[in-house]
Amino acid sequence: VPHLKIEDLKVSIEDKEILKGLNLEIKGGEVHAIMGPNGTGKSTLSSAIMGHPKYEVTGGSITLDGEDVLEMAVDERARKGLFLAMQYPSEISGVTNADFLRSAINARMEEGKEISLMKFIREMDKKMKVLEMDEAFMHRYLNEGFSGGEKKRNEILQMSMLNPRIAIMDEIDSGLDIDALKIVSQGVNNMLSPELGVLVITHYQRLLNYIKPDFVHVMMQGRIVKSGGPELAEKLEAEGYDWIKKELGIVD
Ligand code: ADP
Ligand code: MG
Ligand code: MG
């Protein structure tokens, strides 16, 4: 069962400290949600876990099943089963969705092994149906000209094809209308298993009506300042963040 452990993590961007000692533990079978105001460092956290070179880890640790993630190269992190569905997926011209996915799957397989074309197509067809995606998407260049909602569906398609052990979804709900939100959530819920730990990062409680978290964490000013169950998300939706700031004496 996967076990991601983040202890006292400190991360800087261009010498500015963004994460200031963050603690979080995610195990297989658990769904965690991080909520928090804009600019608190939620995306910084996901990028640091994945090893984005722009984010400098200045303190603390990240381990997956006891192995030091910070020592791993970016592709190794992916091979070990870490996956990030991004807030702003990039467009790659000249690489079709199908090509990209096949090479991503192959990169995660044992040295010298590849997924067979038949199996790949079969699985992709099945998963695209769940996400109500048109077949034509496979042959289009990665994210090029995709609408916001199409990009998000595509991120979830990648996730379901890659079978991660820890999946992080950064504001997968932003820019989705309610129908797309339901479809995307369904895609995620279909994947839930004891072999998968999930972290959803969101600004809005709405997503958590569809992807039900076991744990909700509030992030402010580069730290997790409060943790609880789903009721915490409801309270935030109803009352905003001010009561937490008051409670903790945070001034901004
Ligand atoms: P959130 O996802 O919670 O909205 P971010 O992690 O995106 O927050 O940003 C946290 C802080 O780091 C913000 O002050 C933001 O301006 C800054 N920041 C984020 N990414 C970069 C970057 N690539 N270059 C410079 N500053 C950045
Ligand atoms: Mg933001
Ligand atoms: Mg963000």
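The rules we used
- Residues numbered from 1 in each chain as written.
- Chains lettered and ligands numbered in written order.
- Predicted model: local features only at pLDDT ≥ 70, side-chain atom pairs only at ≥ 80, totals over all residues.
- Near = placed C-beta within 6 Å.
- Helix = DSSP H or I, 4+ residues; strand = E, 2+ residues; numbered from the N terminus.
- Core = buried A, V, L, I, M, F, W, Y, C linked by C-beta atoms within 7 Å.
- Buried ≥ 20, exposed ≤ 12 C-beta atoms within 10 Å, placed from the backbone.
- Contact = placed C-beta atoms within 7 Å.
- UniProt positions renumbered as here; feature names shortened; annotations may be inferred.
- Pairing = 2+ DSSP bridges.
- Axes fitted to C-alpha atoms, helices over the stretch in contact; angles between N-to-C directions.
- Parallel < 35°, antiparallel > 145°, perpendicular 65-115°, else oblique.
- Left-handed = near helix turned anticlockwise from the far one by under 90°.
- Nonpolar A, V, L, I, M, F, W, Y, C, P; charged D, E, K, R; others polar.

Asker: Mind showing me how you'd approach the site of ligand 1 here?
Answerer: Surrounding ligand 1, one finds Ile-13, Glu-14, Ile-18, Gly-36, Asn-38, Gly-39, Thr-40, Gly-41, Lys-42, Ser-43, Thr-44 and Lys-54. For the shell around ligand 1, the leading source of residues is helix H1 (residues 42–50), giving three residues.

Asker: Before we go on, may I ask you to explain unusual backbone geometry in this structure?
Answerer: Most of the time, phi is negative for any residue but glycine, and the peptide bond is trans. Phi at Glu-132 takes a positive value of approximately 50 degrees, unusual for a residue other than glycine. By the element assignment, Glu-132 lies in the loop between helix H4 (117–130) and strand E8 (141–142). Although it is not a glycine, Glu-171 sits at a positive phi angle of roughly 45 degrees. The topology assignment puts Glu-171 in the loop between strand E9 (166–170) and helix H6 (178–189).

Asker: Sorry if this is basic, but what is going on with the nonpolar core here?
Answerer: Generally speaking, nonpolar side chains in soluble globular proteins are found buried as a group. Counting residues in each nonpolar core, the largest one holds 56 residues, and the members touching the most others are Ala-85, Ile-166, Ala-167, Ile-168 and Val-200. Leaving out residues up to four positions away in the same chain, Val-200 has contacts with Val-31, Ala-33, Met-169, Ile-172, Leu-207, Ile-211 and Pro-213.

Asker: Just checking my understanding: could you explain the UniProt feature "domain: ABC transporter" (unreviewed entry) in the protein chain for this structure?
Answerer: Following the UniProt record, one finds the feature "domain: ABC transporter" (unreviewed entry) at residues 4–246. Helix and strand shares over residues 4–246 are 34% and 30% respectively, and the end C-alpha atoms of the span are 31 Å apart.

Asker: Help me understand the pairing of strand E11 (residues 215–220) in this model?
Answerer: Remember that side chains alternate between the two faces of the sheet whenever the strand is regular. Pairing of strand E3 (residues 31–35) with E11, which is carried by four bridges, proceeds in the parallel orientation. When the bridges of E11 are listed, Met-35 appears paired with Val-218. For E11 and strand E12 (residues 223–228), the ladder comprises five bridges, and the chain directions are antiparallel. In the sheet register, His-217 faces E12, and the bridge partner there is Ser-227. Linking E11 back to E12 in an antiparallel pair, the connection comprises two residues, with Gln-221 at a positive phi of about 45 degrees.

Asker: Teacher, can you tell me more about the packing of H4 against helix H5 (residues 148–162) here?
Answerer: Angle between the axes and distance between the axes: these two values describe a pair of packed helices. Contact geometry of H4 with H5 gives a least axis separation of 10 Å together with a crossing angle of 135 degrees. By the angle between their directions, the pair H4 and H5 is classed as oblique. The interaxial crossing formed by H4 with H5 has right-handed handedness. Facing H4, whose interface residues are Glu-123, Met-124, Lys-127 and Met-128, H5 presents Leu-157, Ser-160 and Met-161. Broken down by class, the residue content of the contact of H4 with H5 amounts to four nonpolar, one polar and two charged.

Asker: In this structure, what is going on with the sheet that holds E9? I would like to understand it.
Answerer: Across a sheet, strands are paired by hydrogen bonds formed along the backbone, either parallel or antiparallel in direction. Strand order in the open sheet formed by six strands is E6-E9-E10-E3-E11-E12, with mixed pairing between adjacent strands. Each edge of the open sheet is held by one strand with a lone partner, namely strand E6 (82–85) and E12. Across the sheet, the axes of successive neighbouring strands diverge by a mean angle of 20 degrees, strand direction being ignored. Its contacts with the sheet put H1 on E3, E6, E9, strand E10 (197–202) and E11, and the angle it makes with E9 is roughly 145 degrees. Most of the contacts of helix H7 (residues 230–239) go to E11, to which it runs at about 45 degrees, and overall it touches E3, E11 and E12.

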